[in-house]
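What follows is each chain in one-letter form.
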Amino acid sequence: YQRRVHGDMKKTMLEDHKYPAVTPAEVLKYTKPTPGFLCPVTANEFGISFGKFVIRNVSTNLILLNIEPEEGVIPDPIEDDEARTIRYSFPKDLLKISQIGTSVEFKVGPKEVKDFRMIERHYFKDKLIRSYDFIFGFCIPSSKNTWEVIYSLPELKDSEIEEMVKHPFETKSDSFYFVGPKLIMHHKAEYEYTNQSLHTYLIQTTCLLYTSPSPRDATLSRMPSSA
């Protein structure tokens, strides 16, 4: 047991050395997606894990996505870079919504979390199209919390939306999670926008809720990233 712990500590030290420290001020200057991840999985020393995830249209309160892990089922741990990247498929009509809200439930481990912050940068073809900076603040140790984020979406021209439809997964985002000045999690997402009607999408999404999708399901599970 002692040898195993020593090996884990050595692995963590090597991982930390591989990833140079990055600050919130630095990621706010990025103009295109990072080529890789800026911190190891082991940087999440606070044991923060995400659960139920909801996306809604703020103006109509229409639920666009509602993912709730099956009760009693523990999600597979995220162990590699591939698992930290997810692909979404949305109808292009979502791009015409002025504001969306995302709500996520998350748990915190035995350590208190001070100044919990998320910075999210969105790009299309390596060009920054929007950026968000949200501060949750303080989290009590071993607590369950709910974090709602409101995204004001930029108004896009029809020609710009069609470009996104023609180039699936060229719309990308980086989500950076900080506790104080330290980056503890880094997630990536890629987005496909289709000509499917919003009505059809909502029907299919509602049906899929009964299939208990895996936390790694590329269409339905991911938090928190906006459309």
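Since we're looking at a predicted model, the values are computed, not measured.

Thresholds applied
Residues numbered from 1 in each chain as written. Predicted model: local features only at pLDDT ≥ 70, side-chain atom pairs only at ≥ 80, totals over all residues. Heavy atoms only, no water. Pairing = 2+ DSSP bridges. Helix = DSSP H or I, 4+ residues; strand = E, 2+ residues; numbered from the N terminus. Axes fitted to C-alpha atoms, helices over the stretch in contact; angles between N-to-C directions. Polar contact = N/O pair within 3.5 Å; in protein donor to acceptor, adjacent residues only side chain to side chain. Salt bridge = Lys/Arg side-chain N within 4 Å of Asp/Glu carboxyl O. Buried < 20%, exposed > 50% of the residue type's maximum accessible area, 1.4 Å probe, protein only. Arc of directions from axis to C-beta. Contact = heavy atoms within 4.5 Å. pLDDT = per-residue confidence, 0-100. Phe/Tyr/Trp six-rings, centres within 6.5 Å; stacked < 30°, edge-to-face > 60°. Lys NZ or Arg CZ within 6 Å of the ring centre and 35° of its normal.

1. Topic: the sheet that holds strand β3 (residues 85–91)
Item 1. One open sheet holds the 5 strands; their spatial order is β3-β9-β8-β5-β6, and the pairing between them is mixed. Two strands in the sheet have a free side with no partner beyond their single neighbour: β3 and β6 (127–139). Averaged over all pairs of adjacent strands, the angle between their axes in this sheet comes to 20 degrees, without regard to strand direction.
Item 2. As paired strands, β3 and strand β9 (residues 182–194) are joined by 7 bridges and run parallel to one another. When the sheet's bridge partners are listed, serine 89 is paired in β9 with glutamate 192.

2. Overview of the side chain of serine 175
Item 1. Among the secondary structure elements, serine 175 is positioned in strand β8 (residues 171–179).
Item 2. Of note is the side chain of serine 175, whose polar atom sits 2.8 Å from the side chain of glutamate 120.

3. Thoughts on the pattern of salt bridges
Item 1. Applying the stated criterion to the full structure yields 10 salt bridges.
Item 2. Glutamate 190 serves as the salt-bridge partner of arginine 87, at 2.8 Å between the closest nitrogen and oxygen. On the criterion of sequence distance, the pair formed by arginine 87 in strand β3 and glutamate 190 in strand β9 is long-range, its members being 103 residues apart.
Item 3. Arginine 87 gets classed as partly exposed once you look at its relative accessible area, which sits at 42%.
Item 4. With a closest N to O distance of 2.5 Å, aspartate 133 and arginine 117 form a salt bridge. One end of the pair, aspartate 133, is in strand β6; the other, arginine 117, is in strand β5 (residues 113–124), with 16 residues separating them in the sequence.
Item 5. Of the residues examined, aspartate 133 reaches a relative accessible area of 35% and is grouped as partly exposed.
Item 6. Each of Glu45, Lys111 and Lys182 takes part in a single network of salt bridges with overlapping partners.

4. Side note on the sheet that holds strand β7 (residues 144–152)
Item 1. With antiparallel pairing, 4 strands are arranged side by side in an open sheet as β2-β1-β4-β7. Because the sheet does not close on itself, it has two edges, and the strands there are β2 (63–67) and β7. Here the strands of the sheet are splayed against their neighbours by 15 degrees on average, with no regard to which way each runs.
Item 2. Across 4 bridges, the pairing between strand β1 (residues 49–57) and β2 is antiparallel. In the sheet register, phenylalanine 53 faces β2, and the bridge partner there is isoleucine 67.

5. Some details on helix α3 (residues 158–166)
Item 1. For α3, every residue scored as buried is listed here: Ile161, Met164 and Val165. All buried residues of α3 fall inside an arc of 100 degrees around its axis, so they share one side.
Item 2. Structurally, α3 contributes buried residues whose contacts are with β5, β6, β8 and β9.

6. Structural notes on the confidence of the model for the chain
Item 1. Summary statistics for the chain give a mean pLDDT of 82 and a share of 78% for residues scoring 70 or more.
Item 2. Ignoring residues within four places in sequence, the model shows residues 1–14, a span with pLDDT below 50, making 1 contact including any to other chains.
Item 3. Contacts of residues 209–223 to residues separated by more than four positions or lying in other chains number 39 contacts, the stretch itself having pLDDT below 50.

7. What about the pairing of β1?
Item 1. Bridge count for β1 against strand β4 (residues 99–107) is 7 bridges, and the pairing is antiparallel. Each bridged residue has a counterpart across the sheet, and for arginine 56 the counterpart in β4 is glycine 101.
Item 2. Taking the residues that link successive antiparallel strands as the turn, the β1-β2 hairpin has 5 residues, and the phi of asparagine 61 there is positive, at about 65 degrees.

8. Remarks on the environment of phenylalanine 50
Item 1. Examined against the element boundaries, phenylalanine 50 turns out to sit in strand β1.
Item 2. Note on phenylalanine 50: relative accessible area 21%, which makes it partly exposed.
Item 3. Separated by 96 residues in the primary sequence, phenylalanine 50 and threonine 146 have C-alpha atoms spaced 9.7 Å apart.

9. Here we look at the packing of aromatic side chains
How two aromatic rings sit relative to each other is given by the distance of their centres and the angle of their planes.
Item 1. Per the counting criterion, the structure on display carries 16 aromatic pairs.
Item 2. Measuring from centroid to centroid gives 6.3 Å for phenylalanine 50 and phenylalanine 106, while their planes differ by 65 degrees, and the two rings are edge-to-face. Of this pair, phenylalanine 50 sits in strand β1 while phenylalanine 106 sits in strand β4, and the two are 56 residues apart along the sequence.
Item 3. These aromatic residues form a ring-pair network of at least three members: Phe50, Phe106, Phe116, Phe136, Trp147 and Tyr177.
Item 4. The lysine or arginine in question, arginine 87, covers the ring of phenylalanine 169, its NZ or CZ lying 4.0 Å from the ring centre.
Item 5. Stacked on the ring of phenylalanine 37, the Lys or Arg lysine 188 has its end atom at 6.0 Å from the ring centre.

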